[in-house]
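Fold and contact review
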Amino acid sequence: MMRLSFPQPSRQPRWLHAWRRSLRYHYLRLMRSHSSTESIARGLGAGVFAGMLPLFGGQILIAVTVALLVRGNKPLAALATWVSNPFTYVPLFWFNFQVGWWLMGQPALSFGEWQSWEKLLEQGGQMATILIFGSVWVGVVAGLLTYALCLRLLPTLRQRFRRRSAMAAVNFPNRPQP
């Protein structure tokens, strides 16, 4: 006698399932892409660089512009800016501020002296300068590391993906191939 099997309800939250599907979709697009490894690595590096900048409305524009300049993959550059997202803004920009503070060798800010708007604006301008300086340096380092990591890992990942696809074609000949 044949047993019927019904789909079991998923134990993971719906939002987690959506994120997993989205990540899988972008992974498959990357593996099937006809872009060169160099182009993909340059695009991802440009996107990570721009994602480190505290310019919320302009990160994608900066990433695509940098990708154009270095001849990188523009859609991946735009996608990689999401390295800074609403969940990572605070820790990322705190780290960038600390790096800027360390690199600039600034004296301690005195928050108790904010008795006038002029003092507040002066301190705020100094803090913004430190944050942008640190963000640029962290962005350059993170972008270069992303570029190097992609150059190293992407060929291996693509080769493994092609091998698995070929094995699936042999094991399941009637299944449509992507």
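Cut-offs used in this document
Residues numbered from 1 in each chain as written. Predicted model: local features only at pLDDT ≥ 70, side-chain atom pairs only at ≥ 80, totals over all residues. Heavy atoms only, no water. Helix = DSSP H or I, 4+ residues; strand = E, 2+ residues; numbered from the N terminus. Buried < 20%, exposed > 50% of the residue type's maximum accessible area, 1.4 Å probe, protein only. Lys, Arg positive; Asp, Glu negative; His and termini not counted. Salt bridge = Lys/Arg side-chain N within 4 Å of Asp/Glu carboxyl O. Contact = heavy atoms within 4.5 Å. Expected span 1.5 Å × (residues − 1). Arc of directions from axis to C-beta.

**Concerning the side chain of arginine 158**
The topology assignment puts arginine 158 in helix H6 (residues 117-171). Buried and without a salt bridge, arginine 158 has glutamate 38 as its closest oppositely charged side chain, separated by 11 Å. Sequence-distant contacts of arginine 158, defined by excluding residues within four places in its chain, comprise Leu30, Met31, Ser33, Ser35, Ser36, Thr37 and Ile40.

**Overview of helix H3 (residues 59-70)**
Taking 1.5 Å per residue, 12 residues should reach 16 Å; H3 reaches 16 Å between its end C-alpha atoms and fits that length. Buried within H3 we find Gln59, Ala63 and Ala67. Down the axis of H3, the buried set is contained in an arc of 65°. They therefore lie on one face. More than 90 degrees from the buried face of H3, the exposed residues found are Leu61, Leu68 and Leu69. Buried residues along H3 sit against helix H2 (37-51), helix H4 (74-80) and helix H5 (89-104).

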